[in-house]
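# Inside the fold
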Amino acid sequence: MPTLLLKNADVLVTMDAARREIPGGGVFIRDNIIETVGTAHELPQAADEVIDLRGHVLMPGLINTHHHMFQSLTRAIPAAQDAELFDWLQALYPLWANLTPEMIRVSTLTAMAELILSGCTTSSDHLYIYPNGCRLDDAIASAHDIGMRFTASRGSMSVGQSQGGLPPDRVVEREEDILRDTRRLIETYHDANRHSMLHIAVAPCSPFSVSRELMRESAELARSYGVRLHTHLAENVRDVSYSLQKFGMTPAQYAESLGWTGSDVWHAHCVQLDDEGINLFAHSGTGVAHCPCSNMRLASGIAPIPKMRAAGVAVGLGVDGSASNDGAHMLGEARQAMLLARVGFGPAAMSARQALELATLGGAKVLGRDDIGAIAPGMSADCVAFPTDHIGMAGGAVHDAVAALVFCAPSQVTWSVINGRVVVRESVLITVDAATIVQKHNRLARELAEAA
């Protein structure tokens, strides 16, 4: 089995049970598993490949718990630049109706390349629109090609405008088709083994685009296979109003009534989750994907993350769709999570290290994984190294290099290892040709806009 030695980092952030930070630390990896963690004299002295990380902070790979990767094709669309959630969606649905399988493949590669360079090693993706022969298989193929650990969420929309939903009828699916395809995907792709590179999740899009029956049947289907459940919830005040008017319940009550709470469930946003909902989530083990940049971009509000964490709710970070962020920088998302918490709840509401914990251990818990999110023996070999010697870290790295990762301008990784494999070497993504992907992506983005 191949071995890899990462050594001499300025500081190794383990995120282990003791939250150790080891000056001069390193990691010895055998195949795809971390074998030894410690200082230079505690590590083996030889390996098939040895990487010296002087001038770097080494830490666990960051974990993205919510994304819509296809939306990278519709970044900064003028008609949706200044809209809140519902108006933003209605402006973009007509564009997304023209998506093709090639667009799904290329946009997924684009989003994943951006994520990987930002320090992300595991990402979920919520693909909920399937026009013109698009399939979740297209995104899964891209994840395999680029080498990213992936939770592929089979999203869906079944209630169009004619039935009181938000999306146009032409972009929704029949519920029997949704459930049939979801079963196929789980049976074909889901790998429940430890260190798995691919999970499938069941993910009806939102209370305003699917029926109660589909929500309930999706939960039953997911639990029959032992896979996780994901949807959007309580994203803004209009979302809450829709739930109260349509169902006579708050979003959290609605979720509970349909079996959508529990340790196998995570909800995106939860910006307007009330105290009752927070307590419900805490007691049931229900997770939250916090998306600070998107929440600010769409003026959805400030999610009560400090209150959720104090109550014991599992919280991870998500960049959300690339048309509501409009980026996918996980370290930048951690920074925004810290800053937004302070804007809403005071200067001590979230520390830099707490933000990094959301991006690592928090994300692992939300995605139901105990093999990622920390650097410790027996964990999956997902590690990233951020440089400390660039202009954006000048001064900060001298005083506290770990906190400086979050306080200072976000940087890209110099090295990224996913599942024991080097995927970013000296700041260059080596599993795919990023320049070619960008060229294809821009061509397809123009075609998508013109088709609408």
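Quick look at the structure, then. (Residues numbered from 1 in each chain as written. Predicted model: local features only at pLDDT ≥ 70, side-chain atom pairs only at ≥ 80, totals over all residues. Heavy atoms only, no water.)

### Observations concerning the pattern of salt bridges
Where charged atoms from two side chains of opposite charge come close, those side chains can pair. Per the counting criterion, the structure on display carries 27 salt bridges. Two residues, R425 and E49, come together in a salt bridge whose shortest N-O distance is 2.5 Å. One end of the pair, R425, is in strand 18 (residues 421-425); the other, E49, is in strand 6 (residues 49-52), and 376 residues separate them in sequence. Classification of E49 by relative accessible area gives partly exposed; the value is 26%. As a salt-bridge pair, R194 and D370 come within 2.7 Å of each other at their nearest N and O atoms. Of this pair, R194 sits in the loop between helix 4 (175-189) and strand 11 (198-204) while D370 sits in the loop between helix 12 (352-366) and strand 16 (383-387), and the two are 176 residues apart along the sequence. (Salt bridge = Lys/Arg side-chain N within 4 Å of Asp/Glu carboxyl O. Helix = DSSP H or I, 4+ residues; strand = E, 2+ residues; numbered from the N terminus. Buried < 20%, exposed > 50% of the residue type's maximum accessible area, 1.4 Å probe, protein only.)

### Some details on the packing of aromatic side chains
Taken as a whole, this structure holds 9 aromatic pairs when the rule is applied. Ring plane angle 55° and centroid distance 4.7 Å describe the contact between F86 and F208, whose orientation is recorded as tilted. Linking F86 in helix 1 (residues 85-96) with F208 in the loop between strand 11 and helix 5 (212-225), this pair joins segments that are 122 residues apart in sequence. Between Y93 and W96, the aromatic rings sit 6.0 Å apart at their centres with planes inclined by 85°, giving edge-to-face as the arrangement. Within this pair, Y93 and its partner W96 are both found in helix 1, separated by 3 residues, close to a single helical turn. We note that Y93, like W96, is buried. One cation-aromatic arrangement involves R154 over Y130; the distance from NZ or CZ to the ring centre is 4.1 Å. (Phe/Tyr/Trp six-rings, centres within 6.5 Å; stacked < 30°, edge-to-face > 60°. Lys NZ or Arg CZ within 6 Å of the ring centre and 35° of its normal.)

### Some details on the side chain of T286
Among the structural elements, T286 can be located in the loop between helix 8 (275-284) and strand 14 (287-290). Here T286 falls in the buried class, since its relative accessible area comes to 0%. Here G262 takes part through its backbone nitrogen, which lies 2.8 Å from a polar atom of the side chain of T286. T286 has contacts with T261, G262, V265, H267, F281, V313 and A314, leaving out every residue within four places of it along the chain. (Polar contact = N/O pair within 3.5 Å; in protein donor to acceptor, adjacent residues only side chain to side chain. Contact = heavy atoms within 4.5 Å.)

### Considering the environment of S218
Along the polypeptide, S218 turns up in helix 5. Look at S218 and you get buried, because its relative accessible area is 2%. Here the alpha-carbon distance between S218 and V438, two residues 220 residues apart in the chain, equals 36 Å. With residues up to four places along the chain from it excluded, the contact list for S218 reads L179, V202, P204, L229 and W260. For S218, the side chain forms a polar contact with the main-chain oxygen of L214, separated by 2.7 Å.

### Brief notes about the sheet that holds strand 18
Spatially, 3-2-7-16-17-18-19 is the arrangement adopted by the 7 strands of the open sheet, whose pairing is mixed. The sheet is open, and its two borders are formed by strand 3 (21-23) and strand 19 (428-429), each paired with just one other strand. As defined by bridge partners, strand 18 adjoins strand 19 across 2 bridges and the pair is classed as antiparallel. Within strand 19, the position partnered with V424 by the bridge is L429. (Pairing = 2+ DSSP bridges.)

Honestly, it's all geometry; don't read function into it.
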